[in-house]
There are 2 protein chains.
Amino acid sequence: MPSKTAKKAKPTKKSAPPKKAKAKPAKAVATVTRRAVTRIEPALGIPLPKKQADIPGFKERESFPIPKQGDKLIYFFCDGKAEGAGKMKDLLGGKGAGLAEMTNSGVPVPPGFTITTDACFLFYRTNMVMPRWFEEDMRKFMGRLEKATGMGFGDRKNPLLVSVRSGAKFSMPGMMDTILNLGLNDETVQGLIEKTENDRFAYDSYRRFIQMYGNVVLGIDKGEFEHRLEERKKKQRIKLDTELTVNDLKNIIQKYKDLIQDKTGESFPQDPFEQLRQARDAVFKSWNNPRAITYRQLHDIPSNLGTAVNIQAMVFGNMGETSATGVGFTRNPSTGKKEFYGEYLTNAQGEDVVAGIRTPKHISHLAKEMPKVYKQLKEITERLEKHYRDVQDFEFTIQEGRLYLLQTRTGKRTTAAAVKIAVDMVGEGLIKKNEALMRVEPAQLDQLLHPQIDPKAEVHIIAHGLAASPGAASGMAVFTAEDAVRFAEAGKAVILVRQETNPDDISGMNAAQGILTSRGGMTSHAAVVARGMGKCCVAGVEDIRVYEVDKKMIAGSHVVKEGDIITLNGSTGEVMLGKVDTIPPVLSGEFATFMKWADEVRRLRVRTNADTPQDAHQAVVFGAEGIGLCRTEHMFFAPDRIPIVQEMILASDEVARRDALDRLLPFQKDDFKGIFEAMDGRPVTIRTIDPPLHEFLPDKKQIEQEIEELKEKDAWEDEIKAKEKILDRIEDLKEFNPMLGHRGCRLGVTFPEITEMQARAIFIAACEVARGKKAKPPVVEVMIPLVGHVNELKNQREIVVRVAEEVMKKYKVEIQYMVGTMIEVPRGAITADEVAGEAEFFSFGTNDLTQMTFGFSRDDAAKFLRPYLTKGILEKDPFVTLDTKGVGQLITMAIERGRGARADLKVGICGEHGGDPASIHFCNAVGMNYVSASPFRVPIARLAAAQAVLGKTEYTQK
Amino acid sequence: MPSKTAKKAKPTKKSAPPKKAKAKPAKAVATVTRRAVTRIEPALGIPLPKKQADIPGFKERESFPIPKQGDKLIYFFCDGKAEGAGKMKDLLGGKGAGLAEMTNSGVPVPPGFTITTDACFLFYRTNMVMPRWFEEDMRKFMGRLEKATGMGFGDRKNPLLVSVRSGAKFSMPGMMDTILNLGLNDETVQGLIEKTENDRFAYDSYRRFIQMYGNVVLGIDKGEFEHRLEERKKKQRIKLDTELTVNDLKNIIQKYKDLIQDKTGESFPQDPFEQLRQARDAVFKSWNNPRAITYRQLHDIPSNLGTAVNIQAMVFGNMGETSATGVGFTRNPSTGKKEFYGEYLTNAQGEDVVAGIRTPKHISHLAKEMPKVYKQLKEITERLEKHYRDVQDFEFTIQEGRLYLLQTRTGKRTTAAAVKIAVDMVGEGLIKKNEALMRVEPAQLDQLLHPQIDPKAEVHIIAHGLAASPGAASGMAVFTAEDAVRFAEAGKAVILVRQETNPDDISGMNAAQGILTSRGGMTSHAAVVARGMGKCCVAGVEDIRVYEVDKKMIAGSHVVKEGDIITLNGSTGEVMLGKVDTIPPVLSGEFATFMKWADEVRRLRVRTNADTPQDAHQAVVFGAEGIGLCRTEHMFFAPDRIPIVQEMILASDEVARRDALDRLLPFQKDDFKGIFEAMDGRPVTIRTIDPPLHEFLPDKKQIEQEIEELKEKDAWEDEIKAKEKILDRIEDLKEFNPMLGHRGCRLGVTFPEITEMQARAIFIAACEVARGKKAKPPVVEVMIPLVGHVNELKNQREIVVRVAEEVMKKYKVEIQYMVGTMIEVPRGAITADEVAGEAEFFSFGTNDLTQMTFGFSRDDAAKFLRPYLTKGILEKDPFVTLDTKGVGQLITMAIERGRGARADLKVGICGEHGGDPASIHFCNAVGMNYVSASPFRVPIARLAAAQAVLGKTEYTQK
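Residues numbered from 1 in each chain as written. Chains lettered and ligands numbered in written order. Predicted model: local features only at pLDDT ≥ 70, side-chain atom pairs only at ≥ 80, totals over all residues. Heavy atoms only, no water.

**Q** Describe in detail the relation of the copies chain B and chain A, supporting the description with residues and values.
**A** Each copy superposes on the other: chain B lies on chain A with an RMSD of 0.4 Å after a rotation of 179 degrees and an axial shift of 0.2 Å. What we have between these two chains is a two-fold relation. Proximity to the rotation axis, assessed at the C-alpha, singles out Asn737(B) in chain B; its C-alpha lies 2.0 Å from the axis. A share of 97% of interface residues in chain B that are also interface residues in chain A marks the association as one of identical surfaces. (Least-squares fit on C-alpha atoms with pLDDT ≥ 70 in both. Contact = heavy atoms within 4.5 Å.)

So, in structure tokens, the structure goes:
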């Protein structure tokens, strides 16, 4: 009986190829859909765009001429000859171009025609009613298709049935379900019975067609159809759809028709052309359905491209034992191994595979069952792989011994497979090294570096948040940093659960396996620090409530208390109950080869943001060539130091402050020594103190409580007074907008002794390492943060240089060092010519620069950033991908002006964007010397930097 | 007996001329000093610059060649012939140039010489030790002076005594006290006795000289000398210095010498040249004493100018009845009236005037006593006035019938006098109108517009703060906005005292006569709003503690409780106990004439920032040509509206929100009608809602307390729940950095219905006014705040335009309107070309633009801004005067790009800088169309705009 491939599984394959291979498609579909919905459900009751005018980006196309009569808007393909070509993706969409190319290269493809994206544009420009002349055009093409197939569209005896599929330039699983068997009606169903000699199949196909049409084209809830089907099954006391008789099906068909009449006020269209027109328009409209919009946002696809519509004759794999249907890959998409990979079912249609009633056979069986067809299939797909020079993911149907390829496309693959395939193909001479480098999405490399949830594991998901830092982790939930440290020291694996984290929590985060927060975005403290530590993190899980004092969290009906085991998947944002098995990362030989190639190509140097010797070491393993940002203040939070830091802050005068600083010095020095040794002669950029001092003081409420307790205990007056002093200082240091407050070099200017101590620690450490034998002499770059005026830098630079010279003289060692600044305040960028007079290097702190250029506090932006993305006011989250138009102009200006004043100015980036591939392209284009990324993003940065040189285009689809 | 004029009164005359006229100099001196000290005493224990390298700006001069032997570094003047000239202020300082000019124009001036500012530079470049060749040079000049006077420096018989005075390019009262009678020693004092025949005078002069020298040159505390003087007086049981006998004086002289020996380890130098060298170096060093640095900062004087040193022969007004000493003005400096004004004493020295023992005589008496000298003095000073074309402030001494002018300079005057004199001088043909316009500091006009502390009043100052909004006010202290309203309604004059104010306090501020805050700077909420309201405000009084809950404040030992009367002087920042009399402002006919001239000259339009019809009306009276910023949200705080606003914020969905908004609409409409009517056809720029929503909700603690109370009262569950809902929402809306949070157009984008309501209110109001007869049809400019991306504006613009068209159609009225934006986010400026595509006007919100460009939160900046100014990292407070180098570049860029995209783009400024004269010059230079200032700054802006056209130079000294 006739059929087509597993259409329902489509979205799966496009979005999550490795899982597909594991045959868990239904679940994956659900995940994608659910997440999409989460993303677009506006928190503040904002309606989704409904009118064309609201469609982000669509108006840009307004300047294009509107297609008119006589323009070619439809392209035919049939029997080795297509009007279109593979390169016409803009016009024909990915699918249409693929069909044209396959047809032209002699691949047996069912004939059909493609309605272009220009036609889609015409549709939107003519108020969603296609002009008459277009309808006539389309009829002519249908005539050609009838002629090619020898069948008639709507012919009672020999009906031509077609599939209708959307097809944009880039594959968009979220867009529209395919409609199959279009052309069936009360009359043509009889023709199908005659042709297949299977009335049950024919009626079931008709039923399915009406359901699909009703749902996809007419927008009637799928549940309404399912409900009627279930009712019938209940009545007949049967469980499986396959148990339905022809009579049952006829009854259901009538119910379906009634439903349509009821919901739309019109009857189900019997005219095949009416069906076709409506289906086509539904495809056009699907370009702007919420899922499609969300998908585009998630995948950076412009919204003004429009979609093409593919109309193709149906072929049937269920016309007897010489018919079959299947899917395959030219290589294993999960491992990358070179093997013909796939599965099929004889005398079957796609649904049968999905329904899981019959177990599909491995493709190798086909060699025995239909050796000629198998040979042809292998030959064609191998040819396709060579032709497209990449792994092909294909669908085929064999109709009475004749092979049809229904689709072929670049096969999605796991990152591990992508790397192996790329390296193998270079070995096979199929592609060049440079091309291989383009075959892997840099961001995907992350997958290889962190432990992952075992895809075979059973999971119980209780909440979803932002996939803030990849990897997976299980452990007992704890709700304070102290508990995290305590339990970790007792040998427990812990997950730190907080509303949000702050620098106080660093030790706890360090002790934890993973971090879960209910507030904050992708660049929240938790997210940034976790990525820096290479620790798994799920952030901003808005559907849980965290009660830190009560040590519990509530997710829906689940209460997770301290000690309960939970698992995080930082790559998907899932929070799971219990322990879920993970698999450790293994870096293959191909990975090493691949990264070596990337290093050969790239121009940008890649450094890392690391605050500890451990991080530094990890980053070197991942290929870091230096440290671009070492945040000294993180060192202040260690338990043996924080009391001294607090003493310093509470000091009433410079003498007392210096006394505390003197005691901090040995700690800082040791930290720097460790880092210098780990970096073994690679340059290390150390930033002087940056955060506002209040971050080093305990929580106000805690102190208040302590005072209460002391008072109750009748403690010594002095003890209480000491606490009250802290409280006073906390009050003193309170700021309305700490982001724009007393921090960065402003601290160094008002408390020069802090800068002095830090400089001393840095240079003593450097001298000691240089004199020791453990590592190559350090190369030091001292970086002054938050400079907006050259005088700030001048002031701080003088201190650093004075101390450096003094220490080097004392140690009789010459250390290679520079003093430079972070450019993170707009004014610093604008006056870069002046600033460069005092700076030997610039490092763009794009986190803060983005905050100040947009006037967005990243800790508070979630509330409006989400609607901004939904409404298309912003195309991308500027904290994830650099805003090249705004922030980027400041960067360009700063580099030009800076190098104008100092030709050899070294320029880098140390904001989060330094690990973002798109932003790295920008950094390469504007002539930076290096990017700096957290250790686990170093490989990503290396690859992105290589791709930037190779001129990777903005949008890539694998 | 010989003497000189009232030297001790010097600083007074320079800083506060009108008071001097009232003969209360000592007090004024104290005030200046005290204030200077307050300013520089660093809050955080920051040491003042001690080394040359730390001197702000001084290094800039490094590129100048260092003077070398043979260069002319000393300029002689004597008997109608000076080597220097009046225009050589850079080199000779103001005083030295004046002496040269006077000498050259035949004014009888005691001969002497001026050591140039180049020599000062040399001094700093040679490690503060003048080279030998210079010392030799100086000896030669002293030789010339000896020759000119016929006396010998150190000559026992006929000793030449000199005065040593600093003299920078700009008068700097804070710099150094003058040293008189230098050249006296144990021997020459005998010569003086012989010459004056007054041994008591001679010894007293010697005593004073040692004291001055010890204090000013050797840095010994003045108190140490006074102490020894007092001891002697005690011992002799006398009260007045004048009662000291020659013996007493000799005894004291010995004690002084011992003191010097004791403190410095060296004896008081008997060598006159040693005295001279040391005094000269002390003058050089005084350029960088804290008072001088502070004075420069306060008066925008660059720190790299250096000072000259003037050495001039002493003349004596106490050599008998034909000798005298006095001071005078060519016109009355207090009223501006044209009258020869001054006072003198015969046979007296300056000290006698100050000591108040003898009452000085009015200058007119001199006509009788010494008619020839009087005539000569009048003639010379009239000539000087004509020569300098401005009022002269002169000092003279008559030595045995011979007149010497010791100094003449432009006379300081009150603003009222300045205006009258300028207008009169035009009438007299002395100066041109344009020149007259340059004779008044725009900022000083403020003095004329507010009530002022009666200068005759006795005051008890308890604290000093920032002079945040000028004028004076007395009233009972209240500590909450509610109390302010309550007592004001009961007819009390109140002063609202707060730690800081927020929009919640608006009603209270409105009800108060003046506002006092312990926190916040010149652009804090309190300061800005107070200036806007034209209300007196003293802000950031750090030495008081405000206890809002306890309703009291503590200033030193004073506790001010609710109800206690205090007085504020918003023009000086003084806080006084009790009620102090004030005098109301009276605007003279000269003022009107003067402002008319300004209007004829200026190119910039001047608008006002006004939120109420009252403010709008006041501004029109002051000459406003439109409203540049009408903040709609201030209207939300009125007691009848705030509950509805809160309802809107608490609404759980759009429907509920719209319902609340519908009820707000009539209020907003009425507000706008009032403003449109007050402006009578002048353009009105209305800004849509800007502040974060949490500002409209009550204080968290208050709600928590209310809940507690309700629980205790066993109130209804629902009542408690309603409060808890508010609490939840407050928690929801809490932001880390509200400045960069969910506000401005971000609110309008997420809640389009708010923008819609506001647009509706605006246009209904406009239509109703247009149809009415009360005022000319309104010209409306709707301004969208905080735009960083063109799409934000586009989104909001569409709403405004849609509503406008709809309303106008309904009312059948055509309103002239525009939609534009505030440029206050750096990204808005950078992408101004794009933004201008959607904006018909730009208005620079320079408050926020400065905050974001610098990354300074103005509410938190005090902590580092003060040290920044002290350390010379910033020259000026960027919140007061526009930072042209940084923020200014963004503005220039935005105007260029904006006009590039839209040639007729209207451009203005509505930040606080719109009322700052220096910033107005910038606005004029970059081609803005208008500036907008608070009502009381409108006249200032008008004058500054005129001066900008006339090309006023950056620094002016009156």
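Next comes the rest of the description.
**Q** Pulling in residues and values, what's your account of the sheet that holds strand S13 (residues 461-464) of chain A?
**A** All names here are of chain A. With mixed pairing, eight strands are arranged side by side in an open sheet as S13-S23-S22-S15-S16-S17-S18-S14. The open sheet is flanked by S13 and strand S14 (466-469), the only strands paired with a single partner. Taken over all neighbouring pairs, the strand axes of this sheet differ in orientation by 30 degrees on average, direction set aside. Its contacts with the sheet put helix H19 (residues 481-489) on strand S15 (472-478) and strand S16 (494-498), and the angle it makes with S16 is roughly 175 degrees. (Pairing = 2+ DSSP bridges. Helix = DSSP H or I, 4+ residues; strand = E, 2+ residues; numbered from the N terminus. Axes fitted to C-alpha atoms, helices over the stretch in contact; angles between N-to-C directions.)

**Q** Outline the pattern of salt bridges, listing residues and values.
**A** The tally for this structure, following the rule as stated, stands at 138 salt bridges over all chains. One salt bridge connects Asp732(A) with Arg729(A), and the closest N-O pair in it is separated by 3.8 Å. Taken together, the residues span about one helical turn, with Asp732(A) and Arg729(A) both in helix H27 (residues 717-733) at a distance of three residues. Judged by relative accessible area, which is 16%, Arg729(A) ranks as buried. One salt bridge in this structure joins Lys673(B) and Glu768(B), with 3.0 Å as the shortest N-O distance. Taken together, the positions of Lys673(B) in helix H25 (residues 654-679) and Glu768(B) in helix H29 (residues 752-771) put the pair 95 residues apart, joining distant regions of the chain. Residue Glu768(B) is classed as partly exposed on the basis of its relative accessible area of 22%. Salt bridges here are not isolated pairs; linked through shared partners, they connect Glu654(A), Arg658(A), Glu756(A), Arg760(A), Arg802(A) and Glu806(A). (Salt bridge = Lys/Arg side-chain N within 4 Å of Asp/Glu carboxyl O. Buried < 20%, exposed > 50% of the residue type's maximum accessible area, 1.4 Å probe, protein only.)

**Q** I'd like a rundown of the nonpolar core, residues and numbers included.
**A** The biggest cluster of nonpolar side chains holds 284 residues, and the ones touching the most others in it are Phe844(A) and Phe844(B). Each residue touching Phe844(A), except ones within four places of it in the same chain, is listed here: Ile823(A), Leu849(A), Ile891(A), Ala894(A), Ile895(A), Val907(A), Gly908(A), Ile909(A), Cys910(A), Gly911(A) and Met928(A). (Core = buried A, V, L, I, M, F, W, Y, C linked by side-chain atoms within 4.5 Å.)

**Q** Residues and numbers for the side chain of Gln758(B), please.
**A** All names here are of chain B. Its place among the elements puts Gln-758 in helix H29. You can call Gln-758 buried: its relative accessible area is 0%. Beyond its immediate chain neighbours, meaning those up to four positions away, Gln-758 contacts Thr-632, Phe-636, Gln-668, Phe-672, Thr-688 and Ile-689.

**Q** Before we move on, can you summarise H25(B) with the specific residues and values?
**A** Residues and elements named next belong to chain B. The first and last C-alpha atoms of H25 sit 35 Å apart over 26 residues, in line with the 38 Å expected at 1.5 Å per residue. Along H25, the sharpest kink reaches roughly 35 degrees, centred on Leu-664 and followed within four residues by the proline Pro-666. Following H25 by one or two positions, Asp-680 adopts a phi angle in the positive range, close to 45 degrees. (Expected span 1.5 Å × (residues − 1). Bend = angle between axes of the 7 residues up to and from the residue.)

**Q** I'd like a rundown of the confidence of the model for chain A, residues and numbers included.
**A** Scored by pLDDT, chain A has a mean of 87; 91% of the residues are at 70 or more. Low confidence marks residues 1-62 of chain A, where pLDDT is under 50. Its contacts with residues over four positions away, or in another chain, come to 135 contacts. (pLDDT = per-residue confidence, 0-100.)

**Q** Let's hear about unusual backbone geometry: which residues, and what values?
**A** Backbone geometry at Asn347(A) places phi at a positive 45 degrees, although glycine is not the residue there. Overall, Asn347(A) belongs to the partly exposed group, its relative accessible area being 26%.

**Q** Describe the interface of chain B and chain A, listing the residues and the values that go with them.
**A** The parts lose accessible area when they come together, and the size of an interface is often stated as this lost area. Taken together, the contact between chain B and chain A spans 59 residues of the former and 58 residues of the latter. Between chain B and chain A the total buried area reaches about 5,400 Å² when both faces are included, carbon and sulfur atoms providing 53% of it. Looking at the side of chain B facing chain A, the largest losses of area belong to Phe736(B), Leu740(B) and Arg827(B), adding up to 12% of the total buried there. For the interface between chain B and chain A, the tally reads four salt bridges. The interface formed by chain B and chain A includes 32 residue pairs in polar contact (both at pLDDT 80 or more). Only H25, helix H27 (717-733), helix H28 (745-750), helix H30 (790-811), helix H31 (826-830), helix H33 (846-854), helix H34 (862-870) and helix H35 (887-901) of chain B provide two or more residues apiece to the side of chain B that touches chain A. Here the residues of the side of chain B that touches chain A sort into 25 nonpolar, 15 polar and 19 charged. (Buried area = accessible area lost by both parts, 1.4 Å probe. Polar contact = N/O pair within 3.5 Å; in protein donor to acceptor, adjacent residues only side chain to side chain. Nonpolar A, V, L, I, M, F, W, Y, C, P; charged D, E, K, R; others polar.)

**Q** Lay out the sheet that holds strand S19 (residues 544-547) of chain B with the relevant residues and their values.
**A** Think of a sheet as strands paired side by side through backbone hydrogen bonds, with each pair either parallel or antiparallel. Residue and element names in this part refer to chain B. Spatially, the three strands line up as an open sheet ordered S19-S20-S21, and their pairing is antiparallel. Both outer strands of the open sheet, S19 and strand S21 (558-561), are each paired with one neighbouring strand and no more. On average, each strand axis in the sheet is inclined to that of its neighbour by 15 degrees, with strand direction left out of account. Bridge analysis of strand S20 (residues 552-555) against S21 gives four bridges, and the strand direction is antiparallel. Looking at S21, one finds that Met-553 is bridged to Val-560.

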